[in-house]
Amino acid sequence: MTKLLEGKTVLVTGASAGIGRAAAIGAARHGADVAINFSRDVAGAESAVAEIEKLGQRGLAVKGDVSDPETATDFVARAVEAFGKVDVFVNNAGICPFHAFLDMPVETFERTMRVNLHGAYFMVQAAANQMVKQGHGGAIIAVSSISALVGGEYQTHYTPTKAGLHSLMQSTAIALGRYGIRCNSVLPGTILTDINKDDLADDEKRRYMEGRVPLGRLGQPDDLEGPIVFLASDLARYVTGASLLVDGGAFVNLQ
Ligand code: NAD
Ligand code: RM4
């Protein structure tokens, strides 16, 4: 296999499980040293680092809640201390506490904004400052969502954060282009992870969601590995400000 990220240092937020974990392990499979941020799941973080090391790469887990801006500067500083640089930053951490619109609790709305959008803003800023200081460019990838483009009845707090991430990558692509830093997003469809386990425990909803996908199945976390590694790699050297749907065709499936 051609290794696409040989010699690079990759940082991924929220990588103890799900898509973030798949991205971190995928980066290691492609020759990168990988630092992961995690919030609470120590066992998940340790096992992700063990997988990275099993692939012959260096791994590091740094604990921190991304809703606190200091987590961002700490994560980047710890990664630089361990690996000397940051080449790729993947903003993945996110929450989606499904809830109806009319009685959305203020704290659920605010927490979702703070984790998904404010957290991303300060993480991307900290990673970009480090890349600018290094002077050899870099790649930033946000895990946005198909939900940046379409709505969800129980996601009125969540979809604006995903549209916000998509927009953040467009604006940072402009702000950081002169430094050779590329900014793109992936827009996953419905991927089977902890974030939607309860929501998809409803058989009728799960069948409906599966039925919307032309490729005939819901996604798995490692379906995101290739698209994220591609955008991180030099194969995507002239790609910035772009977004890549990774949804089995769900978005285009009108009729
Ligand atoms: P997941 O619940 O397995 O992963 C979310 C990760 O974020 C977990 O590791 C969690 O610990 C971490 N996290 C949550 N709050 C955090 C905080 N405050 N600080 C640090 N880490 C925190 O679910 P997932 O599906 O892998 O989600 C990853 C990303 O993918 C999210 O941003 C989500 O919006 C996005 N996404 C998921 C789907 C899907 O269908 N699963 C679709 C589109 C986009
Ligand atoms: C995604 C999309 C999926 C949902 C997850 C939580 O953005 O809306 O359908 O399961 O979020």
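Residues numbered from 1 in each chain as written. Chains lettered and ligands numbered in written order. Predicted model: local features only at pLDDT ≥ 70, side-chain atom pairs only at ≥ 80, totals over all residues. Heavy atoms only, no water.

J.: Would you explain the overall build of the protein chain in this entry?
T.: Along its length, the protein chain carries seven helices and seven strands. Counting helices and strands in the order they occur from the N terminus, the protein chain gives β-α-β-α-β-α-β-α-β-α-β-α-α-β. Scaling as 2.2 N^0.38, a compact globule of 255 residues should have a C-alpha radius of gyration of about 18 Å, and the protein chain matches this with 17 Å. Its C-alpha atoms give the protein chain principal-axis dimensions of about 50 × 40 × 40 Å. Partitioning the contacts of the protein chain with sequence separation of at least 6, the portion at a separation of at least 24 is 74%. With an accessible surface of roughly 12100 Å², the protein chain has 53% of that area assigned to carbon and sulfur atoms. (Helix = DSSP H or I, 4+ residues; strand = E, 2+ residues; numbered from the N terminus. Rg over C-alpha atoms; globule rule 2.2 N^0.38 Å. Contact = heavy atoms within 4.5 Å. Areas by Shrake-Rupley, 256 points an atom, 1.4 Å probe, with all protein chains shown as cover.)

J.: Help me out: how do you make sense of the environment of D41 in this one?
T.: Within the element layout of this structure, D41 appears in the loop between strand 2 (33-38) and helix 2 (42-54). Between the C-alpha atoms of D41 and A17, which are 24 residues apart in sequence, the distance is 8.5 Å.

J.: Just to check I follow, could you spell out a nonpolar patch on the surface for this structure?
T.: On the surface, a nonpolar cluster with roughly 400 Å² of combined accessible area is contributed by L149, V150, L245, F251 and V252. Topologically, V150 is positioned in the loop between strand 5 (138-143) and helix 5 (159-177). (Patch = residues over 30% accessible without salt bridge, like charges linked within 9 Å, V, L, I, M, F, W, Y side chains within 5 Å. Salt bridge = Lys/Arg side-chain N within 4 Å of Asp/Glu carboxyl O.)

J.: I'm lost on the site of ligand 2 in this one. Help?
T.: In the vicinity of ligand 2, the residues found are C96, F98, S145, S147, Q155, Y158, G189, T190, I195, N196 and M209. At a separation of 2.9 Å, an oxygen atom of ligand 2 approaches a polar side-chain atom of Q155. N196 is positioned with one of its side-chain polar atoms (N or O) 3.0 Å from an oxygen atom of ligand 2. About the coverage of ligand 2: the protein hides 91% of its 290 Å² of free accessible area. (Near = heavy atom within 4 Å. Polar contact = N/O pair within 3.5 Å; in protein donor to acceptor, adjacent residues only side chain to side chain.)

J.: Hey, could you run me through the sheet that holds strand 1 (residues 9-12) in this one?
T.: Each strand in a sheet pairs with another by means of backbone hydrogen bonds, the pair being arranged parallel or else antiparallel. In space, the seven strands of this open sheet follow the order 3-2-1-4-5-6-7, with parallel pairing throughout. In this open sheet, the two edge strands, each paired with only one partner strand, are strand 3 (59-63) and strand 7 (243-246). Neighbour to neighbour, the strand axes of the sheet diverge by 15° on average, direction disregarded. With three bridges joining them, strand 1 and strand 4 (residues 88-91) adopt parallel strand pairing. (Pairing = 2+ DSSP bridges. Axes fitted to C-alpha atoms, helices over the stretch in contact; angles between N-to-C directions.)

J.: Please clarify how the side chain of S16 should be interpreted in this entry.
T.: Along the chain, S16 falls in the loop between strand 1 and helix 1 (18-29). In this structure S16 comes out as buried when scored by relative accessible area, which is 13%. Sequence-distant contacts of S16, that is, excluding residues within four places in its chain, are made with R21, N37, F38, D41, G44 and A45. (Buried < 20%, exposed > 50% of the residue type's maximum accessible area, 1.4 Å probe, protein only.)

J.: Would you explain the UniProt feature "domain: Ketoreductase" (unreviewed entry) in the protein chain in this entry?
T.: As annotated by UniProt and renumbered to match this structure, "domain: Ketoreductase" (unreviewed entry) occupies residues 8-182. Secondary structure content for residues 8-182 is 50% helix and 15% strand, and the end C-alpha separation is 15 Å. (UniProt positions renumbered as here; feature names shortened; annotations may be inferred.)

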